[in-house]
Structure formats: structure tokens, C-alpha cells
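An overview of the molecular structure
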Amino acid sequence: MKAAEAIAQCLVKENITTVFGYPGAAIGLVYEAISKAGIRHILVRQEQNGGHSASGYARITGKPAVCLATSGPGATNLLTAIATAYMDSIPVVFITGQVSTDQIGRDVFQEADITGSSEPFIKHSFLIKSAAEIPMVFKKAFHIAGTGRKGPVLIDIPTDISAQEIDFVYPEKISMRSYKPTTKGNKLQIKRVTEALSEAKRPVLCAGGGVILSDASDKLTELAEKLDAPVVTTMMGLGAIEGKHPLNMGMIGLFGEQRANYAVNKCDLIILIGARVGDRAITSPMFIEKTTKIIHIDIDPAEIGKNISADIPIVGDAGTVLGQLIDAVDNMSHDEWREKLGTIEIAKKKYPHTVVQEFSRQSPDAICVCDVGQHLIWTARSFSVGKGGRFLTSGGMGTMGYAIPAATGAKLASPEKTVIAFVGDGGFQMSMMELGTLMQHNIPVKIVLFDNHVLGMVREYQRLAEVSEFAVNLDGSPDYLMLAKAYGIDGARIKDGDDIENAVKKALSSDGSYILVCEVSPDERSVP
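In this report, we go over the structure that sits alongside the text. None of these values were measured; they are calculated from a predicted model.

Remarks on the sheet that holds strand 5 (residues 124–127)
An order of 2-1-3-4-6-5 is seen for the six strands of this open sheet, with the pairing classed as parallel. The open sheet has two edge strands, strand 2 (40–43) and strand 5, and neither has a second partner. The mean angle between the axes of side-by-side strands here comes to 20°, regardless of whether they run parallel or antiparallel. Summarising the sheet, strand 4 (residues 92–98) and strand 6 (residues 153–158) pair through six bridges and their orientation is parallel.

The structure is reproduced here in C-alpha cells:
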């Protein structure tokens, strides 16, 4: 068969039923083969959004998703999506077309070195040099993307390679001598953890995104209950333990809850599970290091000790290591510590937080997809993720424009779930063209748009830094309800003091996509 047909069959063998992308001449033969292979293609309105959609799809399925683009600007438009997936450890296989092999390096029409351009933020990349290597390259790509610390992989395919013929045999198994990630925790280190826990009076479990990537939420909850230990989460770890669980102290960090930050500052032992310990989570690592015994569990050994020193490092998959700890520890009680944390009051939230809380109350098991900006802080602090729910955002890269395309992918991955995209007016205008994708493919997503007419987070930083407010006013923005109507999407507008309960109920009960525009004062801050 033609190599392009072999590529389509590689996707079939990997059980890929849906792909996201934007066609072009250099990837044309692959598109023709995909259309004949019965794989559903979701045409996005810009390549970066295809990458974000694939990311949302992968985060819900837990398996690698696929995004396609053509050569040149098609490929370079993927760079932000690749970096976003890389920072959050999301398994996406990016397939790009490339100019003919005899033209590479000659600066011909729509040529770009995408493997070189993406090198700083890609888990691995392949430039196909022979059609015969396609089956093995695809097998390796999906294996690398979906195992160990998951992440994006790129396959760049010159157009002449796609037209060649090969005898297609897809490998059943893969063994790579240079790539063997450790998944099981060292037994001696597990024993050291149990000894440390037996001596601790104020333990805390800190769940990062790795817990969710490992599908280990139930194990985290089981260990917390066995240890009678409070749980805090990073922003990427939201949903790792049910929002209303009595041991859940909330999100830590710069924008976290006071109770959660107090727990981290006063604990005598902390177990970091699948967390990078980024600057927005632990703003003063030296303070924690001096006062607390630190156990750090991560599948990527490079993360352990990178931002904070660890007394007991454990390299391994979060779910596997949590299972080992559950088997190794005895039931414990920390009544005094837990009760102390329970005395810390949680401040009552006001509008616009109340909008988020109402969506959470009416649909706690929804998939909540949040863009980046002030509204991300409001949503992260106020959406209580229920059992079966999820919280998705661009945590590492902080990519504006992420929510709507990622919500598109999430809804396709889980059609039975309610998917809510929380966006600001700035981020919305970066990907509002994806309303066309929602309507073309009949993908119902509920959009909550916080409209404060400015780039709120940037303006807030400018005020805190006491510098000029410059380039933050969003004058000239469209009427969002009229824009939605142009796409055939219903919506409504609310403000502080309106009937939020019924507005949310109407949005959630609507048949198709829906946009709820929430008017917000430009003076509203990200945190009180």
C-alpha cells in the first residue's frame, strides 16, 4: 500500500477513531487515506486549536490523541499547542506534512524545520526518511507519548515519502533499550516512608497533576483515609480528591486557599505526589525545606530535587506507588491536626465566584475546562470537582485561548458528560473562531464568559507594580451574544444581583452549545 495508507492503518491499529487538524498540500495524501479508513476528522479553524483539542481529548481518555497539520505555517502554528501539552505532560501525537526530501534545506515554499523548532518542548520527534520505517516509528511514537511521564511526540513526513509504496506490517510489541521508564517504587524507599509516617504528627498529602494522569484519584483518597491525613492539591491536581471530601483542604499556592497553605506551612511531613513544585504552588521552598520532612513521588526523576529538596525520593508511577503505600502503612489517626485545620474559616465568596459555585452545585460531575486569566483563579477556587468530574487548564504554560478547543476535545472524548468552558473576554477572542467547529460537528459545550472589558490579570499586575496601565483595554470587542447568534448559538447575559441559579439552570439544560456572558467589574481582583 501507499505509505499514506499505511499511516492511516497505523492509527487504526492504535485504536484512534477521532483526529483533529487542518489540511494542506503537504499532508494531502495522508488526509485522503484517513478519510477512507473511517477515522473521524474534526476540522478546527486554526492549527493551534487542533493541538489544544487533541490535548483535551487525551486528558479525558488518558490515551494519546492525534493532531495533523501541513508543512510551513501549518506546522509552526502547532508550536504553542506542543509546548502547552509538554508542560502539562499530555500525550498527543502531532503529525505534520513536510516538503519533499530533495527540497529540505532549500527554503522552498512552505518549508519549516518543525523538528528543530519544537526540540525544546517535545518529548521526542521523528523526521521520516524512509517509507519503510513508518510502522515502527508510529509504534514508538504512541509508546513514548503514552508511557512514563506522558507528553507530545512529533512525526514529520515529507510529501514524497507519503506517496511511496511499502509492505505494511504493524509491530505487535515494542522494546526500546534507551527508553525504559520506572513505574514501581523502590521497596527500601517505601519502607523509609512508612517509618517517617509513623513518627509524623502533622502529615499532609499534596496531589499534583500526576495523580490524575495516572488515574489514581481513588488510591489517593484511600491512602488519605488510611493515614487520616489532610490533602492539598496543586491547580493541576484539582479533582484528584473529591471537592467536598472532609480531608480535602483545597488548592495551595499563590492563589490558593488559606487553609491549604496553612497546612503546608505547619505540617511536619509532606508527601508530594506527581507534583512539579512549581513557583505558583510553593512560593518559598526554602521555608518548607527547613521545617518539614519531604517525600517526593514522581515518574520523572528529573523533577525530584529540581525545585525543592527531597528527604525521601521515590521514582515511579503515582498510582503504582500509592498502591504500594496503601499496602505498607497501618491505619493512623491525626485528630488534633485535622481538627486544627478545620477551625480555619473559609471566606464566603461573592460574585463572580458565585457563578462558578452555582455551576459546580448544579453539575458537580461536569468536566470543567478553564482558560487563563483572573477567571482561572475564580474557577479554581470556587468549582468543587465532584466524583467523576474533571478540572482541565493550561497549568504549566498558561496558554490563553486554551479552553474552548480543549473543551471541544473533552466533549468528544466523553459525550455523556456536561462540559463547561470558563473563559475571559481576552482569551475568548483568541479562539472564538472555534465556535464554528462546535457547530459544524454538533459538539455541545457550555461557555461561561467573564466580560470585564480588560486583560484583567495583566491590569492587576500593573496596578500591584504601580506602573502605567497600558495595552490592557479591550475596546472594540464584539457583542458576544450577537457573535454567538451568528453561529447559531443561544445565550444570555447576567450581572451581579441577577438570578444566577436560574441563569445557570437554563445554560445547563440547553440542547446545544450555549454562552452565558457574565458582566464583571474591571476592578475585580483575582483573589480577595
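There is more to say, and it comes next.
Topic: the nonpolar core
Core analysis: the largest hydrophobic core is formed by 46 residues, its most contacted members being Phe94, Val369, Phe428, Val445, Ile447 and Ile515. Counting residues per element, this core draws most heavily on helix 18 (residues 403–413), which supplies six residues. With residues up to four places along the chain from it excluded, the contact list for Ile447 reads Ile404, Ala421, Val423, Leu435, Leu438, Tyr514, Ile515 and Leu516. By size, the runner-up hydrophobic cluster in this structure holds 38 residues, among which are Cys10, Val93, Ile128 and Ile134.

Some remarks on the sheet that holds strand 13 (residues 367–370)
Two orientations exist for strands paired in a sheet by backbone hydrogen bonds: parallel and antiparallel. Strands sit in the order 14-13-15-16-18-17 across an open sheet of six strands; the sheet is parallel. Only two strands of the sheet have a single partner each, and these edge strands are strand 14 (390–393) and strand 17 (490–494). Taking each pair of neighbouring strands and ignoring which way they run, the sheet shows an average axis angle of 15°. In this sheet, strand 16 (residues 446–451) lies alongside strand 15 (residues 419–424) in parallel orientation, the contact comprising five bridges.

Thoughts on unusual backbone geometry
Geometrically, the link from Tyr351 to Pro352 is a cis peptide bond, its omega value of 10° lying close to zero. Even without being a glycine, Ser89 presents a positive backbone phi close to 60°. Considering the arrangement of structural elements, one finds Ser89 in the loop between helix 5 (79–87) and strand 4. Given a relative accessible area of 7%, Ser89 falls into the buried group. Of note, Asn442 is a non-glycine position whose phi angle comes to about 55°, a positive value. Its place among the elements puts Asn442 in the loop between helix 20 (435–440) and strand 16.

What counts and how
- Residues numbered from 1 in each chain as written.
- Predicted model: local features only at pLDDT ≥ 70, side-chain atom pairs only at ≥ 80, totals over all residues.
- Heavy atoms only, no water.
- Pairing = 2+ DSSP bridges.
- Helix = DSSP H or I, 4+ residues; strand = E, 2+ residues; numbered from the N terminus.
- Axes fitted to C-alpha atoms, helices over the stretch in contact; angles between N-to-C directions.
- Core = buried A, V, L, I, M, F, W, Y, C linked by side-chain atoms within 4.5 Å.
- Buried < 20%, exposed > 50% of the residue type's maximum accessible area, 1.4 Å probe, protein only.
- Contact = heavy atoms within 4.5 Å.

Remember, this is a structural readout, not a statement about activity or role.
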